[in-house]
Amino acid sequence: MATQKPQRSPAEIEDIILRKIFLVSLIDSMENDSRIVYFEMTAAEILSEGKELRLSRDLMERVLIDRLSDQFPSAEPPFPYLIGCYRRAYDEGKKISSMKDKAVKSELESVVKQAKKLAVSYCRIHLGNPDMFPNWDANKSNNVSPLLPLVFSEVSSSVDGFGGSGRTGGIGCPPGFLEEFFRDSDFDSLDPILKQLYEDLRGNVLKVSALGNFQQPLRALLFFISFPIGAKSLVNHPWWIPKGAYLNGRVIEMTSILGPFFHVSPLPDHTIFKSEPDVGQQCFSEALTRRSADLLSSFTTIKTVMNNLYDGLTEVLLCLLKNTETRENVLEYLAEVVNKNSSRAHIQVNPISCASSGMFVNLSAIMLRLCEPFLDANLTKRDKIDPKYVFYNTRLDLRGLTALHASSEEVAEWLNKDNPGRSDGSRQYSDGENRLLQSQEATSSGNYAGGPSLLQSNKPMSSCSGKAKYPFICECFFMTARVLNLGLLKAFSDFKHLVQDISRCEDSLSTLKTMQGQAPSPQLELDIARLEKEIELYSQEKLCYEAQILRDGGLLQHALSFYRLMVAWLVGLVGGFKMPLPSTCPMEFACMPEHFMEDAMELLIFASQIPKAFDGILLDDFMNFIIM
């Protein structure tokens, strides 16, 4: 009877496992696997130190550095090699878990854990300092971080709808690798790696339409900011809020990290910034001859993907807002987007200097989602909204907007009375009054382009520095009011103008066809063809607006709920729903921006033309407001 081979010692098992993990050998055994590297010099050094030619935890890092520091024929480049090390360590860990000897099992689990930790650590070193180790990767010319395909493969498993195919470049992500990579590290090591990843994500979404692959980068963004280091790195990125003398609304949209995510939309944009695939062309070309079922299918698709975008971006903002280290940065970003796009309130909007309608409709939907907690039926949080925010906040430029029922002189006088005891800041304050007087002479709301805070007061929850502090509900309320004015309400106006343009073109076309019937001419034929093409393009644009706004009942109902709070709050400034009205108009009400009331009424009129828009909306507050 054959005798069994003697059992291997723990040291021998450790040597075998580490050779498998790191694909190295200290003995020239003519291995069949071409990836295995024989370390002749290292072996000689170990022998000279009087040690056995076995790999152990003490030699692990030394061997790894030797492997990464030299180029070996048929061996993998550093990044895929280190990912492979982690994966092999994970596989060996699974085998070890079934061992019966608990002492040996515990010892080997510790070795495998250390091997994984080393692989992750050297991945960070390699990505943070790409030139430290020789890198003969064929894709070196590609500046995209090699970590991004791994992240995509991780987040793609549950991607639904568009963007389901992960461009992983043949590399799957070993279980637990990314978690360990981002969790167990310091900010300075990970910050340069994350900055590159955020730039790559921005590049992935730039000029991507609602039918493109935006969900994968969006999920990757959510993954990164789920780690505190990732959130901190994002808001400290130079492109979080771009700087520069030529900064405008469009520059923020196209160059900030979040801007291209907000730009994803079916709405038409200027040719220079046009996204692909073309939604109008793909979903609504030759709409007049299409079956209604096809159009409904397109509407449903667009509504679904846009709500996916809204949900994802809301989650991004909420994640950053809940983190006290990043909350201020989010509010600053949103305020900068609003302030730099104030000219979107004008009748004619310059598409080169202003962000797209798509961005602002998206932002409208997302801000309304952020408002949901205080849009309850009883409006219990409205006391948190401080009217003084309009004049004393240091973030939003609201002071230049046309007031409801007060001249600029009356506003300045009221503010002066409200701040009788000025000492240090008196000069700064009078400058503020002068700016206020100049800005309120502007004929259209939203054209004030002031800088930082001009008026300071220690009344509304002031901090020791004299800078006014406001609760999030108050900040969110006023930001949403501005975003809706520049976004959703502006889109309603654009939609109405589009309908009018189509009507005019159809009238002209009808006239030309009549003329062509009476006296045909080549020029008339050309004019008819041109008009037909114009009507086709206008119709595509109209259906894109309809898909994102009119067909999304949830968006309209959220907006109606917000403006219900708006009218109830405005009425509260004059003492509540009661008649007769006060003999003199309270200044807090009179000084509020005029567009607050106008937008509420515009939305009400627009929604009244859309079936089921008022379902579940309490209209009593609107009716009382109109009567008053």
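Because the structure is a prediction, the values reported are computed rather than measured.

## What about the overall build of the protein chain?
Point 1. Secondary structure assignment for the protein chain yields 26 helices and two strands.
Point 2. The burial tally for the protein chain puts 49% of its 628 residues in the buried class.
Point 3. Partitioning the intrachain contacts of the protein chain with sequence separation of at least 6 by distance along the chain shows that 76% fall at a separation of at least 24.

## Points about the UniProt feature "coiled-coil region" (unreviewed entry) in the protein chain
Point 1. Those residues carrying the UniProt feature "coiled-coil region" (unreviewed entry) are residues 521-548 in this numbering.
Point 2. Taken end to end, residues 521-548 comprises 96% helix and 0% strand; its first and last C-alpha atoms sit 41 Å apart.

## Section: the pattern of salt bridges
Point 1. What the rule picks out here adds up to 23 salt bridges.
Point 2. For R291, the salt bridge goes to D294, with nearest N and O atoms at 3.0 Å.
Point 3. Classification of R291 as exposed rests on a relative accessible area of 57%.
Point 4. Residue classification places D294 among the partly exposed positions, given a relative accessible area of 30%.
Point 5. One salt bridge in this structure joins K340 and E336, with 3.4 Å as the shortest N-O distance. With K340 and E336 both in helix α15 (residues 327-340) and four residues apart, the pair spans about one turn of that helix.
Point 6. One salt-bridge network, held together by shared partners, links E45, E49 and R62.

## Concerning the nonpolar core
Soluble globular proteins: nonpolar side chains tend toward being buried together.
Point 1. Formed by 187 residues in total, the largest nonpolar core has its most connected members in L147, F177, F182 and F478.
Point 2. At 13 residues, the largest contribution of residues to this core is made by helix α23 (residues 553-572).
Point 3. Lining this core are residues from two domains, each supplying at least three of them: domain 1 (10-128) and domain 2 (146-163 + 170-374).
Point 4. Discounting chain neighbours no more than four positions away, the residues touching L147 are F79, L127, F177, L178, F181, F182, I193 and L197.
Point 5. Ranked by size, the runner-up nonpolar core spans seven residues in total, among them C505, L509, L524 and I528.

## Focus on helix α20 (residues 472-486)
Point 1. Compared with an ideal rise of 1.5 Å per residue, which puts 15 residues at 21 Å, α20 spans 21 Å between its outermost C-alpha atoms and is within 8% of the ideal.
Point 2. Counted residue by residue, α20 has 14 buried out of 15 residues, so it is predominantly covered.

## Re the packing of helix α16 (residues 357-371) against α20
Point 1. For the pair α16 and α20, interaxial distance at closest approach is 9 Å and the crossing angle is 155 degrees. With respect to α20, the element α16 is oriented roughly antiparallel. Taken as a pair, α16 and α20 cross one another with a handedness that is left-handed. When α16 is examined against α20, the residues F360, L363, S364, M367, L368, L370 and C371 are found in contact with a partner set consisting of C476, M479, T480, V483, L484 and L486.
Point 2. Classifying every residue of the contact of α16 with α20 by side-chain character gives 11 nonpolar, two polar and no charged.

## Description of the environment of F22
Point 1. Here F22 lies in helix α1 (residues 10-22).
Point 2. A residue is classified by how much of its surface remains accessible, and F22, at 1% relative accessible area, is buried.
Point 3. Measuring from C-alpha to C-alpha, the distance between F22 and Y86 comes to 9.1 Å, with 64 residues separating the pair along the chain.
Point 4. When neighbours within four sequence positions are excluded, F22 is seen to be in contact with M60, L64, Y81, C85 and A115.

## Quick look at the state of the cysteines
Point 1. If you walk through the whole model with that rule in mind, you get zero disulfides.
Point 2. Of all cysteine sulfurs, the one in C85 lies closest to C123, which takes part in no disulfide; the gap is 8.8 Å.
Point 3. Owing to a relative accessible area of 0%, C123 belongs among the buried residues under this scheme.

## Topic: the packing of aromatic side chains
Point 1. A full pass over the atoms with the stated rule returns 24 aromatic pairs.
Point 2. Arranged with centres 6.0 Å apart and planes meeting at 80 degrees, the rings of F182 and F223 form a pair that is edge-to-face. Taken together, the residues span a long stretch of sequence, with F182 in helix α7 (residues 177-183) and F223 in helix α9 (residues 215-225) at a distance of 41 residues. Assigned by exposure class, F182 and F223 land together as buried.
Point 3. Judged by centre distance (5.5 Å) and plane angle (40 degrees), the rings of F284 and F299 are tilted. Within this pair, whereas F284 is found in helix α13 (residues 279-284), its partner F299 is found in helix α14 (residues 292-322), the two being separated by 15 residues in sequence. For the pair F284 and F299, one class covers both residues: buried.
Point 4. Here a set of aromatic residues connected by ring pairs shows up, and it is made of Y86, F177, F181, F182, Y198, F223, F224 and F227.

## What to know about unusual backbone geometry
Point 1. Residues E276 and P277 are joined by a peptide bond in cis, for which omega reads -5 degrees.
Point 2. Of note, P277 is situated in the loop between α12 (259-263) and α13.
Point 3. Look at K207: it is not a glycine, yet its phi comes out positive at around 60 degrees.
Point 4. Residue placement: K207 occurs in the loop between α8 (187-205) and α9.
Point 5. When its relative accessible area of 36% is taken as the criterion, K207 is described as partly exposed.
Point 6. One non-glycine residue, L379, lies in positive phi territory at about 50 degrees.
Point 7. If you trace the backbone, L379 turns up in the loop between α16 and α17 (389-392).

## Quick notes on α8
Point 1. A rise of 1.5 Å per residue sets the reference length of α8, with its 19 residues, at 27 Å; its end C-alpha atoms lie 26 Å apart and thus fit the reference within 8%.
Point 2. Those residues of α8 that sit buried are F187, L190, D191, I193, L194, K195, L197, Y198, D200, L201, R202 and V205.
Point 3. Its side-chain oxygen 3.4 Å from the backbone nitrogen of D188, D186 forms the N-cap of α8.
Point 4. Just downstream of α8, K207 is the residue with a positive phi angle, here 60 degrees.

## Thoughts on the side chain of K490
Point 1. Here K490 lies in helix α21 (residues 488-518).
Point 2. Although K490 is buried, it makes no salt bridge; D494 carries the closest opposite charge, 4.1 Å away.
Point 3. Sequence-distant contacts of K490, defined by excluding residues within four places in its chain, comprise R344, H346, I347, V349, L484 and N485.

## A short note on the environment of I549
Point 1. By secondary structure assignment, the location of I549 is in helix α22 (residues 522-550).
Point 2. On the basis of relative accessible area, I549 is assigned to the buried category, the value being 1%.
Point 3. When the C-alpha positions of I549 and A365 are compared, they lie 9.8 Å apart, and in sequence the two are 184 residues distant.
Point 4. When residues no more than four places from it in sequence are discounted, the contact partners of I549 are V361, L488, A491, F492, L555 and L556.

## Some thoughts on the environment of L222
Point 1. Within the secondary structure, L222 is located in helix α9.
Point 2. The buried category is assigned to L222, whose relative accessible area is 17%.
Point 3. Sequence spacing of L222 and L313 is 91 residues, and the spatial spacing of their C-alpha atoms is 8.6 Å.
Point 4. With near-sequence residues (within four places) excluded, L222 lies in contact with G312, E315 and V316.

Reading the values: rules and limits
- Residues numbered from 1 in each chain as written.
- Predicted model: local features only at pLDDT ≥ 70, side-chain atom pairs only at ≥ 80, totals over all residues.
- Heavy atoms only, no water.
- Helix = DSSP H or I, 4+ residues; strand = E, 2+ residues; numbered from the N terminus.
- Buried < 20%, exposed > 50% of the residue type's maximum accessible area, 1.4 Å probe, protein only.
- Contact = heavy atoms within 4.5 Å.
- UniProt positions renumbered as here; feature names shortened; annotations may be inferred.
- Salt bridge = Lys/Arg side-chain N within 4 Å of Asp/Glu carboxyl O.
- Core = buried A, V, L, I, M, F, W, Y, C linked by side-chain atoms within 4.5 Å.
- Domains from an automatic or database assignment.
- Expected span 1.5 Å × (residues − 1).
- Axes fitted to C-alpha atoms, helices over the stretch in contact; angles between N-to-C directions.
- Parallel < 35°, antiparallel > 145°, perpendicular 65-115°, else oblique.
- Left-handed = near helix turned anticlockwise from the far one by under 90°.
- Nonpolar A, V, L, I, M, F, W, Y, C, P; charged D, E, K, R; others polar.
- Disulfide = S-S within 2.5 Å.
- Phe/Tyr/Trp six-rings, centres within 6.5 Å; stacked < 30°, edge-to-face > 60°.
- Polar contact = N/O pair within 3.5 Å; in protein donor to acceptor, adjacent residues only side chain to side chain.
- Lys, Arg positive; Asp, Glu negative; His and termini not counted.

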